[in-house]
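# Chain and residue survey
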Amino acid sequence: MKKTEIVLLFTSLLLVSLFGFEVLGQTNFLIKGKVIDSETKELLPFASIGIEGTSVGTASNSTGFFEFRLNPTWKDKFIVCSFVGYQSFKIKVSEAYQYSKNNQLTFALKPSESLKTVTISSKRIPKVKKIMKQVIKNLPKNYPQTPYNADFFYREYLKDSTAYVRLVEAALHVYDKRAYIPIIYNHKSKNSFAPTILNLEEDYFAQVKERRASYDYSKSKINNFFIDVEYGTKYNWIRKNQFIFDKTMYEKFDYELVNLTSIGKKTVYEISFSYNGTIDRFRKLKGKLFVNDEDYAVLQLHFSYFPVGAMGGYNAEERYGYNIYLENEEHFYFKKYDEKYLVSYQSLRSTEKYYESQEAFEESVSEYFVEQLTVNVNQKNPTPQGLQDDSKLKEIDYNTTFWESYNVLADSPLNIKIKADLEKRQSLEKQFELEK
């Protein structure tokens, strides 16, 4: 059997039009580079990169690389690169383009002075529980309470042992009718670990607009070409009002204000949290969040846990057995769109170990990767839509024109490795054209 380990590797996404998924023309500036720590030269993943004063932008991927296109009319605007704990960096679009053409564009961010040793014990700094109460109180003000549309880039890929064996990418469009209106939990229900929901069910609809897929060369068919069209922002903790964002449940957690840092000129609270028991389907839950002291909005949320229960089995006739142990991580990054924060990037990491039987402890290893990035948000005039029939996903033809401008495989070391592994048998273009 196989070992599956899900790791999220965030890939930078090229910009698309503010009107659905109309692609940008080939005459646009292609700007690509990397983000590093100016002192250690370490690559910085998930740094925010955007046009100053607008919601247009992207982010560096898990290896610190980024790539996106801009219309020439933006040439006199400024690109701002920011990252929690670092001073922001600003450069004119036209200058960035010239560096990019010569493969020399590097945003070297200087670390901000940590405020921990200076003010962490100050009486003016609120207690961590008060910070969390303010976060919960400000949820309606900071997050959308009315329907919105959003476009997402979705990506999944699989690695067997040392080689990548599958890639699926998709452009999703979502209509979220409920938005971030808090879910009301019934904490008096008999099952205290999984309280029932008292208010209306969620109205959340997603559709795949474009899709491309490689051949599946994997030995395991786990999650075979799976696209969760509702992954979007539906499952982020703030939208679901889950755990530390619920007025009753958050009291079960232990919190610690571990640092005061900054993003640009704004102070950010770095808070760790943990819960050693079992809650809902999670156990040994722990993580970290970064909260803006200006409006108490959550900028980042990271957590890990072990799912409740174990899986396993053995079939004597087929001499087939396995045991599975899982460990998960989830990551959320939030960005302000039209004065409201929404998740801009989210990902999941899960580790699963497969064994042949109780007697044979040799493992087969698979790594499964999932990531999703917000491309565009429309809160002013959202258009309702229905939920797509999953059986229709493979009927979506490979649109070469769309993907030529949407090109999300930036030339990072990771993406070069994925492409090289998948093309050992046939070019990716051929696979995209033929595979359904």
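### Notes on unusual backbone geometry
Positive phi, normally seen in glycine, also occurs at Lys41, with a value near 65°. With respect to the secondary-structure elements, Lys41 resides in the loop between strand 2 (29-37) and strand 3 (48-51). The class for Lys41 is exposed, based on a relative accessible area of 54%.

### Overview of the pairing of strand 9 (residues 148-160)
With 13 of 13 residues buried, strand 9 is to be regarded as a mostly interior element. Where burial is concerned, the two faces of strand 9 agree: the one with Tyr148, Ala150, Phe152, Tyr154, Glu156, Leu158 and Asp160 and the one with Asn149, Asp151, Phe153, Arg155, Tyr157 and Lys159 are both buried. With 13 bridges connecting them, strand 9 and strand 10 (residues 163-176) associate as antiparallel partners. Paired with Ala150 across the strands is Val174, a residue of strand 10. Connecting strand 9 to the antiparallel partner strand 10 that follows it, the hairpin turn spans 2 residues, and Ser161 within it adopts a positive phi of roughly 60°.

### A few points about the sheet that holds strand 6 (residues 78-82)
Two pairing modes exist for strands in a sheet, parallel and antiparallel, and in both the strands are linked by backbone hydrogen bonds. Spatially, the 4 strands line up as an open sheet ordered 4-3-6-7, and their pairing is antiparallel. Pairing within the sheet leaves two strands with one partner each, and these edge strands are strand 4 (57-59) and strand 7 (89-92). Ignoring which end each strand starts from, the neighbouring axes of this sheet average 15° apart. Two elements, strand 3 and strand 6, share 4 bridges in a ladder whose sense is antiparallel. Considered in strand 6, the bridge of Ile49 is made with Cys81. Along the sheet, helix 1 (residues 93-101) makes contact with strand 3, strand 6 and strand 7, crossing strand 7 at roughly 90°.

Rules of the game
- Residues numbered from 1 in each chain as written.
- Predicted model: local features only at pLDDT ≥ 70, side-chain atom pairs only at ≥ 80, totals over all residues.
- Heavy atoms only, no water.
- Helix = DSSP H or I, 4+ residues; strand = E, 2+ residues; numbered from the N terminus.
- Buried < 20%, exposed > 50% of the residue type's maximum accessible area, 1.4 Å probe, protein only.
- Pairing = 2+ DSSP bridges.
- Axes fitted to C-alpha atoms, helices over the stretch in contact; angles between N-to-C directions.
- Contact = heavy atoms within 4.5 Å.

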